[in-house]
Amino acid sequence: MRPLLLLDFDGPLNPHRADGVPPGYERHEITEGAKTWRVLLNPVHGVQLNALADSFDLVWASSWEHGANRLLGPLLGLPELPTILWPDRAPVRRGSWKAPYVADWVGDRPFAWVDDEVGESERARFPQALILPVDARAGLTDQHFAVLREWVRKPFAHKAFPRDS
Ligand SMILES: [Mg+2]
């Protein structure tokens, strides 16, 4: 079973808490209708993620929802990806507000999740997943990619896991 790689955008791919423009990043201004966003993107991330698509099924798990495919993925050279939607965000007692949606979306599939707002709560909730917190000042680093590559080589990364109930 191929594992999923859930991708948050703001934080891991757009280090929006960085001071200035970190090495390797470029500033982009994205406009759609009357809205403009400024994001920082590292073109190497697109190359690294496309390489990981040999082993993972990539999925957007970003508050940009369909905007991730429309506005962001093309800037990184990413193909259109399945997208988790958050139709009405319920408050959670602890951890990421995305977690209940993620639980429903992934079902019993193994997955890795990169996000700047995940941590011990998600590790407790999804013990068989690879939960990778990312510092929103730095974005995804080579070390994160190395951890992902190492994890996906392990047989347990391909095993279905029981649904959280
Ligand atoms: Mg984020």
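Throughout what follows, the structure given in this document is the object of discussion. Given the structure is predicted, the values throughout are model-derived calculations rather than measurements. The residue numbers shown here count from 1 along each chain, following its written sequence. It should be noted that, the model being predicted, local features are given only for residues of pLDDT at least 70 and side-chain atom pairs only at 80 or more, the latter also being counted only at that level, while totals for whole chains, interfaces and linings use all residues. Where side-chain values are given, they derive from all heavy atoms of the structure, hydrogens and water being excluded.

Focus: the pattern of salt bridges
Consideration 1: What makes a salt bridge here is a side-chain nitrogen of Lys or Arg within 4 Å of a carboxyl oxygen of Asp or Glu, nothing more. Across all of its chains, the model carries nine salt bridges by this definition.
Consideration 2: A salt bridge links Glu29 to Arg38; the shortest N-O distance between them is 3.0 Å. The two residues Glu29 and Arg38 agree in class, both being exposed.
Consideration 3: Of the charged contacts in the structure, one is a salt bridge between Arg70 and Glu32, with a shortest N-O distance of 2.6 Å. One end of the pair, Arg70, is in helix H2 (residues 66-76); the other, Glu32, is in strand S2 (residues 26-32), with 38 residues separating them in the sequence. Accessible area is worked out with a 1.4 Å probe on protein chains only. A residue is then buried under 20% of its type maximum, exposed over 50%, and partly exposed in between. Secondary structure elements are defined from DSSP: runs of H or I of at least 4 residues count as helices, runs of E of at least 2 residues count as strands, and each element is numbered from the N terminus.

Description of the pairing of strand S6 (residues 130-133)
Consideration 1: In this structure, strand S5 (residues 111-115) lies alongside S6, joined through four bridges in parallel fashion. Residue pairing for S6: Val114 is matched across the bridge by Leu132.
Consideration 2: Handedness of the β-α-β unit built from S5, helix H4 (residues 120-125) and S6 comes out right-handed. Pairing between strands is defined by DSSP: at least two bridges between them are needed. Crossover handedness is defined by viewing with both strands directed away from the observer: a clockwise path from the first strand over the helix to the second marks the crossover as right-handed.

Some remarks on helix H5 (residues 142-153)
Consideration 1: Over its 12 residues, H5 runs 17 Å from end to end, which matches the ideal 16 Å to within 8%, given 1.5 Å per residue.
Consideration 2: Among all positions in H5, only His144, Phe145, Leu148, Trp151 and Val152 are buried. With its buried residues spanning 130° around the axis, H5 presents them on a single face. The outward face of H5, more than 90 degrees from its buried face, is lined by the exposed residues Asp142, Gln143 and Arg153.
Consideration 3: Contact definition: two residues touch when any of their heavy atoms are within 4.5 Å. Close packing links the buried residues of H5 with strand S1 (4-7), helix H1 (43-52), S5 and S6. What a helix should span is 1.5 Å times the count of its residues minus one. What the arc describes is the spread of directions from the helix axis to the C-beta atoms.

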